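Observations on the three-dimensional arrangement
Next come the chains, spelled out residue by residue.
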Amino acid sequence: MMLIKLGGSVITDKSQYRRFDKEAVSRLCREIARSGRQTVVVHGAGSFGHILAKRHSIQNGYSSKEQIPAVAMIQHDVRELSSMVVAELLEAGIPAVSVPPGSCFVMDDGKLVIGDEEPIRSLLKIGIMPVLFGDVVMDRKKGFGICSGDQAMEALAKMLKPEKAVFVSDIDGLFTADPKKDPDAKLIPEVTEEAMERVSIEQSVDDVTGGVAGKMKEMLDMSKNGMDCVLINGSVPGNLQSLLEGKEIRCTVARAQR
Ligand code: IP8
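Because the structure is a prediction, the values reported are computed rather than measured.

Structural notes on the pairing of strand β6 (residues 129–133)
Most of β6 is tucked away, with five of its five residues classed as buried. On β6, burial covers both faces: Met-129, Val-131 and Phe-133 on one face and Pro-130 and Leu-132 on the other are all buried. The sheet contact formed by strand β2 (residues 39–43) and β6 spans two bridges and is parallel. Of the residues in β6, the one forming a bridge with His-43 is Phe-133.

As structure tokens, then:
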């Protein structure tokens, strides 16, 4: 089984509030279907989550009652986004159901707690893909917080032990510097803990849950459990399907010392 995260930068236009990229999502869902692989999809929040979350400091937890309408609005927006992603999966012939972390789980001081695995396992057992996503989740210590799609990936990887965890973004992988600013930036095909120390950490977008380098660190952590974590460019048509079919593509693989 392959665990796939469709990043917010591929499924939305991150600069415009609530702008869904239907064409990209439809193509990626068809690539998943055509690969014939068993997959579980998680998605990011993109401009359906990050813009309001940043404006109201939702990632730092409860600080004032002025944040509450934003908590409800972000949950509403990311649920709408998830419905649109699920609609494209269904259209591609993949039975899928949205499982909103904020409605099904809690967090404990920023860590996602999946107390009861049964709903997810039962869906999978009858052949339905559970789709988790970046959401605002109630937190035992902070009142509420942001659960990123990456945190959902980590929890699902522990639970489902996939063959690979694939992070679909709008860049080819991790670079030695920000490729959007530095023409000499080079792609790093394989990342180890040691290589990570030499990477510029400025490769980030306007994102409350960290940029590329932060995500790569999380990927390295996840790969300690013995599974490769791959960062690929989903804006290149056919890339995701090729990777799922076991073909070589331009990407970065995180492989921690095991
Ligand atoms: O897009 C963030 O999830 P991500 C979730 O996976 C919200 O980082 C609500 C901003």
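Describing the packing of aromatic side chains
The geometry of an aromatic ring pair is captured by the separation of the ring centres together with the interplanar angle, meaning the angle of the planes. Enumeration over the complete set of coordinates arrives at one aromatic pair. Taking the centre distance of 6.2 Å and the plane angle of 80° together, the rings of Tyr-62 and Phe-144 count as edge-to-face. One end of the pair, Tyr-62, is in the loop between α3 (50–55) and α4 (68–91); the other, Phe-144, is in strand β8 (residues 143–147), and 82 residues separate them in sequence. Residue classification places Tyr-62 among the partly exposed residues on the basis of a relative accessible area of 45%.

Details of the packing of helix α2 (residues 22–35) against α4
A pair of packed helices is captured by two measures, namely the crossing angle of their axes and the spacing between those axes. Contact geometry of α2 with α4 gives a least axis separation of 8 Å together with a crossing angle of 45°. As summarised for this structure, α2 and α4 are arranged oblique, according to the angle between their axes. Viewed along their axes, α2 and α4 form a crossing whose handedness is right-handed. Across from Lys-22, Val-25, Ser-26 and Cys-29 in α2, the residues of α4 making contact are Val-85, Glu-88 and Leu-89.

Focus: the nonpolar core
Of all hydrophobic cores here, the largest spans 42 residues; its most connected members are Ile-4, Ile-58, Leu-89, Val-168, Ile-232 and Leu-240. In terms of residue count, α4 provides more of this core than any other element does, eight residues in total. Contact partners of Ile-58, with chain neighbours within four places excluded, come to Leu-52, Ala-53, Gln-67, Ala-70, Val-71, Ile-74, Val-136, Phe-144, Gly-145 and Ile-146.

Reading the values: the criteria
- Residues numbered from 1 in each chain as written.
- Predicted model: local features only at pLDDT ≥ 70, side-chain atom pairs only at ≥ 80, totals over all residues.
- Heavy atoms only, no water.
- Buried < 20%, exposed > 50% of the residue type's maximum accessible area, 1.4 Å probe, protein only.
- Helix = DSSP H or I, 4+ residues; strand = E, 2+ residues; numbered from the N terminus.
- Pairing = 2+ DSSP bridges.
- Phe/Tyr/Trp six-rings, centres within 6.5 Å; stacked < 30°, edge-to-face > 60°.
- Axes fitted to C-alpha atoms, helices over the stretch in contact; angles between N-to-C directions.
- Parallel < 35°, antiparallel > 145°, perpendicular 65-115°, else oblique.
- Left-handed = near helix turned anticlockwise from the far one by under 90°.
- Contact = heavy atoms within 4.5 Å.
- Core = buried A, V, L, I, M, F, W, Y, C linked by side-chain atoms within 4.5 Å.

Function cannot be read off these values alone, since they describe shape.
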